[in-house]
Amino acid sequence: MNRIFPYIGKLLLLYSSGAVLLSSTDRMLALPPPDDTPEEVLRTEIITGARSPIDGKPVDAAEYAQLRASLAEAQPGRPQVDPEVQHLIFLLRLSYPLRKLFPFLHF
């Protein structure tokens, strides 16, 4: 039994020194690269370039605004749904709270 205790002490010392080395390398890896722009600076930049929502090509701010305006005009306000389907959706929405109140009814 006495022979085991010196080895345990050495193992603990080896384990703790390894943990210190690993934790210090993790901190160094967590730092951003030196040429990286800080987030505070990036937040203050005004973005003037964009991508087209149609084909993904780069466009400038004026073309993007014009494209968004033309797309907004082309889209109708609300899609048309069959009245029977609307009624079924209404009944489904009505049935969910009723099932919570009356779980023994099957409708």
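Everything below is about the structure shown above.
Residues numbered from 1 in each chain as written. Predicted model: local features only at pLDDT ≥ 70, side-chain atom pairs only at ≥ 80, totals over all residues. Heavy atoms only, no water.

Observations concerning the overall build of the chain
Here's step 1: Across its full length, the chain carries 4 helices and 2 strands.
Here's step 2: Reading the helices (α) and strands (β) of the chain from amino to carboxyl end gives α-α-β-β-α-α.
Here's step 3: Burial statistics for the chain: of 107 residues in total, 3% are counted as buried.
Here's step 4: When the accessible surface of the chain is split by element, carbon and sulfur atoms take 65% of a total near 10500 Å². (Helix = DSSP H or I, 4+ residues; strand = E, 2+ residues; numbered from the N terminus. Buried < 20%, exposed > 50% of the residue type's maximum accessible area, 1.4 Å probe, protein only. Areas by Shrake-Rupley, 256 points an atom, 1.4 Å probe, with all protein chains shown as cover.)

Here's the deal with the packing of aromatic side chains
For any pair of aromatic rings, the description rests on two quantities: the centre-to-centre distance and the angle between the ring planes.
Here's step 1: Taken as a whole and judged by the stated rule, the model has 1 aromatic pair.
Here's step 2: Centroid distance F102 to F104: 6.3 Å. Interplanar angle 75°. Geometry classified as edge-to-face.
Here's step 3: The exposure class assigned to F104 is exposed, which follows from its relative accessible area of 59%. (Phe/Tyr/Trp six-rings, centres within 6.5 Å; stacked < 30°, edge-to-face > 60°.)

Looking at the pattern of salt bridges
Here's step 1: In the structure shown here, the tally under the stated rule is 2 salt bridges.
Here's step 2: Its salt-bridge partner being R43, residue E39 comes within 3.3 Å of it at the nearest N-O pair. Note that E39 and R43 are positioned in helix 2 (residues 39–44) at a spacing of 4 residues, about one turn of the helix. Take E39 and R43: they sit in the same class, and that class is exposed.
Here's step 3: A salt bridge links K57 to D55, with the shortest nitrogen-to-oxygen separation between them at 4.0 Å. (Salt bridge = Lys/Arg side-chain N within 4 Å of Asp/Glu carboxyl O.)

As for a nonpolar patch on the surface
Here's step 1: There is a patch of nonpolar side chains on the surface, built from L88, F90, L91, L94, L98, L101, F102, F104 and L105 and spanning about 870 Å² of accessible area.
Here's step 2: Here F104 lies in the segment after helix 4 (83–101). (Patch = residues over 30% accessible without salt bridge, like charges linked within 9 Å, V, L, I, M, F, W, Y side chains within 5 Å.)

Describing the side chain of S52
Here's step 1: Among the secondary structure elements, S52 is positioned in the loop between strand 1 (49–51) and strand 2 (58–60).
Here's step 2: Under the relative-accessibility criterion, S52 is labelled buried at 8%.
Here's step 3: Sequence-distant contacts of S52, that is, excluding residues within four places in its chain, are made with K57, V59 and L67. (Contact = heavy atoms within 4.5 Å.)

Keep in mind these numbers describe shape, not what the thing actually does.
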